[in-house]
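# Descriptive structure summary
Next come the chains, spelled out residue by residue.
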Amino acid sequence: MNDLKILIYRNPLFAKCPDCKTPGSLHRSRARNAYEQIIKKFTFFNMYRCRECGWRGMRSTLVFTLASLKSIFIYLIIGGAVALIVRFILTKFIIK
Ligand SMILES: [Zn+2]
């Protein structure tokens, strides 16, 4: 069984700029207001700015992929199976 990570860490510094598509042009930008500071503190988002075109915005350091959906699905199946087993044991041996 391979990795069952739901969120994958990805450094936006190596990502393409969403505006001009230049790879590796993003750098961290300081939070300008309270709203941005809150986002920065409590989420996985950070402010970034593009060196090439001046684009500025939020990028997440954690990404959700198709493999993430698969992991969630597997976890749900495991959770469901455990719930069934527990119910079975409870009804069979404990509740009479
Ligand atoms: Zn750009």
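On to the domain arrangement of the protein chain, then. Segmentation of the protein chain into domains returns domain 1 (6-64) and domain 2 (66-96). Taking only C-alpha atoms, the centre of domain 1 and the centre of domain 2 are 38 Å apart. In this assembly, four residues from domain 1 lie in contact with five residues from domain 2. Carbon and sulfur atoms supply 77% of the area that domain 1 and domain 2 bury against each other, a total of about 370 Å² over both sides. Counting across the interface, domain 1 meets domain 2 through zero salt bridges. Summed over the shared surface of domain 1 and domain 2, the number is zero residue pairs in polar contact (both at pLDDT 80 or more). Here the side of domain 1 that touches domain 2 is built from residues that sort into four nonpolar, no polar and no charged.

Looking now at the environment of R49. Positionally, R49 belongs in strand β3 (residues 45-50). For R49, a relative accessible area of 27% puts it in the partly exposed group. Note: C-alpha distance between R49 and I89 (40 residues apart in sequence) is 56 Å. The residues touching R49, leaving out its near neighbours within four places in the chain, are S25, L26, H27, S29, R32, G54, W55 and R56. From its side chain, R49 meets the backbone oxygen of G54 in a polar contact 3.3 Å long.

Thresholds, definitions, all that
Residues numbered from 1 in each chain as written. Predicted model: local features only at pLDDT ≥ 70, side-chain atom pairs only at ≥ 80, totals over all residues. Heavy atoms only, no water. Domains from an automatic or database assignment. Contact = heavy atoms within 4.5 Å. Buried area = accessible area lost by both parts, 1.4 Å probe. Salt bridge = Lys/Arg side-chain N within 4 Å of Asp/Glu carboxyl O. Polar contact = N/O pair within 3.5 Å; in protein donor to acceptor, adjacent residues only side chain to side chain. Nonpolar A, V, L, I, M, F, W, Y, C, P; charged D, E, K, R; others polar. Helix = DSSP H or I, 4+ residues; strand = E, 2+ residues; numbered from the N terminus. Buried < 20%, exposed > 50% of the residue type's maximum accessible area, 1.4 Å probe, protein only.

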